[in-house]
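Understanding the architecture of this molecule
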Amino acid sequence: MGKVTIIGSGLMGSGIAQVTAVAGDEVTLVDTDPAALARAEDAIASSLERFTAKEKISAEDAAAARSRISTSESMDAAAGSDIVVEAVFERLDVKQEVFRKLSEIVSPDTILATNTSAIPITEIAAAATHPERVVGTHFFSPVPMMKLCELVRGHKTSDEVLAKAKDYVERIGKTCVVVNRDIAGFATTRLICALVNEAARLVEAGVISAEDVDTACKLGFGHAMGPLATADLTGIDVLVHATENIYEDTPEAQFYPPSLMRRLQASGDYGRKTKHGFYDYE
Ligand code: NAI
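Fair warning: this is a prediction, and the values are worked out from it, not measured in the lab. (Residues numbered from 1 in each chain as written. Predicted model: local features only at pLDDT ≥ 70, side-chain atom pairs only at ≥ 80, totals over all residues. Heavy atoms only, no water.)

1. Notes on the UniProt feature "domain: 3-hydroxyacyl-CoA dehydrogenase C-terminal" (unreviewed entry) in the chain
Mapped onto this numbering, the UniProt entry gives "domain: 3-hydroxyacyl-CoA dehydrogenase C-terminal" (unreviewed entry) at residues 185–281. Taken end to end, residues 185–281 is 61% helix and 0% strand, and its first and last C-alpha atoms sit 29 Å apart. (UniProt positions renumbered as here; feature names shortened; annotations may be inferred. Helix = DSSP H or I, 4+ residues; strand = E, 2+ residues; numbered from the N terminus.)

So this is what it looks like as structure tokens:
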């Protein structure tokens, strides 16, 4: 198995580190914030304990996975990696700086993957030398539980790099869907925005209640959760921002943020995290 470095040890980075180590790779988790590294180690330990309690992994395998993870505050630790997965803050300038530095540290054939959920892969790749080795690996939260990874091809991503990234993602137990063009919102964010926006418009027009929209999607289409309950969980602020970005790139009516969602956002009713959204959670 290979050497994998994860840059950014927050919610996503720690999850990616965990599943990669469980699969047998040596993992280096890098974060500029030592407190974030300590939190990540705790989060990984308690997640593995939960998997052990449910007998999804033996105590020996969990301990072996933990021993395969080392931490560092310096990106120099990425030297010699087969693949680097970046999961730092969702800001283009921060990500570009990471890719610029990484280009000086790793060899030209190291795959550079980004976990961005919305920034074009091509813009991040522009900061790296050999941008053909940059690819999007969009994992879903919580990473140890969610099976999907959206693999996104940047404008210059080579077929070989896409295939190698797919091998890595499948080796760590995820299923890939391949997005062949670097389009705003990739595929999954476009799909959820289109569905949530239409659901919100139907509710706003008095056609159907929020509860019934969600029931229709659950019982009619077999969705595990209705779109408006999903919006409350994800954050209405997050989804309005996402759909605005997509609309800017692709000005189609379905992506124009519905006025009900803009009003909820303006009122600070973001969903579960503020206790009010499409539903009340008091
Ligand atoms: P987070 O805020 O939990 O973690 C980011 C970590 O990056 C922090 O620990 C921070 O100290 C570290 N960091 C920032 N700049 C750094 C640098 N220059 N070098 C090293 N470490 C640095 O963020 P989260 O939620 O884990 O998201 C990470 C990425 O994953 C973002 O691009 C986000 O859009 C994407 N994503 C997030 C999902 C989610 O549900 N939270 C889902 C899918 C993708």
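2. Section: the site of the ligand
Surveying the vicinity of the ligand reveals 22 residues, the closest of which are Met-12, Asp-31, Glu-90, Lys-95 and Ser-117. Between an oxygen atom of the ligand and a main-chain N or O atom of Met-12, the distance comes to 2.8 Å. In the model, an oxygen atom of the ligand is placed 2.8 Å from a nitrogen or oxygen of the Lys-95 side chain. Within the complex, the protein chains bury 77% of what would otherwise be the 830 Å² of accessible surface of the ligand. Every element with two or more residues in the shell around the ligand is listed here: helix H1 (11–22), helix H4 (92–105) and strand E6 (134–139). (Near = heavy atom within 4 Å. Polar contact = N/O pair within 3.5 Å; in protein donor to acceptor, adjacent residues only side chain to side chain. Areas by Shrake-Rupley, 256 points an atom, 1.4 Å probe, with all protein chains shown as cover.)

3. Re the UniProt feature "domain: 3-hydroxyacyl-CoA dehydrogenase NAD binding" (unreviewed entry) in the chain
Feature annotation in UniProt assigns "domain: 3-hydroxyacyl-CoA dehydrogenase NAD binding" (unreviewed entry) to the following positions: residues 3–182. Between the end C-alpha atoms of residues 3–182 the distance is 27 Å, and the span holds 41% helix and 22% strand.

4. Some remarks on the sheet that holds strand E7 (residues 148–153)
With respect to topology, eight strands assemble into an open sheet ordered E3-E2-E1-E4-E5-E6-E7-E8, the strand pairing being mixed. Among the strands making up the open sheet, the edge pair consists of strand E3 (69–72) and strand E8 (175–179). The sheet shows a mean angle of 25° between the axes of neighbouring strands, direction not considered. Inspection of the sheet shows strand E1 (residues 3–7) paired to strand E2 (residues 26–30) by five bridges, in the parallel sense. Its bridge partner lying in E2, Ile-7 is registered against Val-30. Against the sheet, H4 contacts E1, strand E4 (83–86), strand E5 (111–114) and E6, and its axis sits at roughly 170° relative to E5. (Pairing = 2+ DSSP bridges. Axes fitted to C-alpha atoms, helices over the stretch in contact; angles between N-to-C directions. Contact = heavy atoms within 4.5 Å.)

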